[in-house]
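# Observations on the model geometry
Okay, here's what each chain looks like letter by letter:
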Amino acid sequence: MRQGLKASLLALAFTLSALAATVGGVNLEDSATVNGQTLVLNGAGVRKKLFIKIYAGGLYLPAKQSNAAAVMAADTPRRMVMHFVYSVSKNQMCDAWKDGLEDNTKNPSAEVKKNFDTLCTWMEPIPKGNRLVLTYVPGTGTTVEINGKAKGTLPGKATSDAILATWLGSNPAPGEDFKKAVLGK
């Protein structure tokens, strides 16, 4: 009996040590492995609309970085994980992507616009408790996973930068507080 209790306590301690942050009631892991490289949780925040919490988001990078321009300039793997604490529709997601692109990417190329259109077609309702994961790998592009299902990969760093700019740009859709939080400020 004591051995089972010890094993359970050890497993719990290991699980808790792997959690870097609890944000908006969501536990975020302290790291993620992308293409064989360990990324660290750079920061995490809660996306709110009015007084409603929509999602807890975490930005994962190869090393901590608090400068948005430096994050955008680096051609290294990165991941944005959004844990939804409020259900959203496909249309709400598409509108958010379109607004984020328009507000944060000046003169996007035809390829970036096309990739955002594709991203919109991949959207689906995201129920409370599910995730949207966007993972950029240099030379490959940004892989999109919704509700645990891989949707596809959007090519190009410019598209990845435009996606990331929706959170880190001059007019971030989730707001300045979210931007500061994912930059670890």
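Note that this is a predicted model, so its numbers are computed, not measured. (Residues numbered from 1 in each chain as written. Predicted model: local features only at pLDDT ≥ 70, side-chain atom pairs only at ≥ 80, totals over all residues. Heavy atoms only, no water.)

## Some points on the pairing of strand 3 (residues 31-34)
With burial as the criterion, only one face of strand 3 is covered, namely that bearing Ala-32 and Val-34; the residues Ser-31 and Thr-33 on the opposite face remain uncovered. Where strand 3 and strand 4 (residues 37-49) come together, four bridges link them in antiparallel fashion. Residue Thr-33 lies in a different strand from strand 4, and its bridge partner there is Thr-38. (Buried < 20%, exposed > 50% of the residue type's maximum accessible area, 1.4 Å probe, protein only. Helix = DSSP H or I, 4+ residues; strand = E, 2+ residues; numbered from the N terminus. Pairing = 2+ DSSP bridges.)

## Structural notes on the sheet that holds strand 8 (residues 141-146)
Strand order in this open sheet of seven strands is 3-4-5-6-7-8-9, and the pairing throughout is antiparallel. Edge positions in the open sheet fall to strand 3 and strand 9 (149-154), since each of these has one partner strand only. For this sheet, the mean inter-axis angle between neighbouring strands, taken without regard to orientation, is 25°. Of the pairings in the sheet, the one linking strand 6 (residues 78-84) to strand 7 (residues 131-137) comprises six bridges and is antiparallel in character. Counterpart to His-83 in the pairing with strand 7 is Arg-131. (Axes fitted to C-alpha atoms, helices over the stretch in contact; angles between N-to-C directions.)

## Some points on unusual backbone geometry
In this model, Asn-35 sits at a positive phi of 55°, which is unusual for a non-glycine residue. With a phi close to 50°, Asn-107 is a non-glycine residue in the positive phi region. Among the secondary structure elements, Asn-107 is positioned in the loop between helix 3 (90-104) and helix 4 (110-122). For Asn-107, a relative accessible area of 74% corresponds to the exposed category.

## Remarks on the environment of Asp-161
Within the fold, Asp-161 resides in helix 5 (residues 157-168). Aside from chain neighbours lying at most four places away, what touches Asp-161 is Met-72 and Arg-78. (Contact = heavy atoms within 4.5 Å.)

## Quick notes on the layout of surface pockets
In this model, the largest pocket occupies a volume close to 510 Å³. Considering the residues around the largest pocket, the lining is formed by 20 residues, among which Arg-47, Lys-49, Ile-54, Gln-92 and Ala-96 are closest to the centre. Put simply, the parts of the chain that give the lining of the largest pocket at least two residues each are strand 4, strand 5 (52-61), strand 6, helix 3 and helix 5. Top contributing element to the lining of the largest pocket by residue count: helix 3, with seven residues. (1 Å grid on protein atoms, 1.4 Å probe; cavity = no way out; pocket = protein on both sides within 12 Å on 5 of 7 lines; lining within 4 Å. Points joined across faces, edges and corners; volume = space filled by probe spheres on them.)

It is worth stressing that arrangement in space is one thing and function is another; only the former is reported here.
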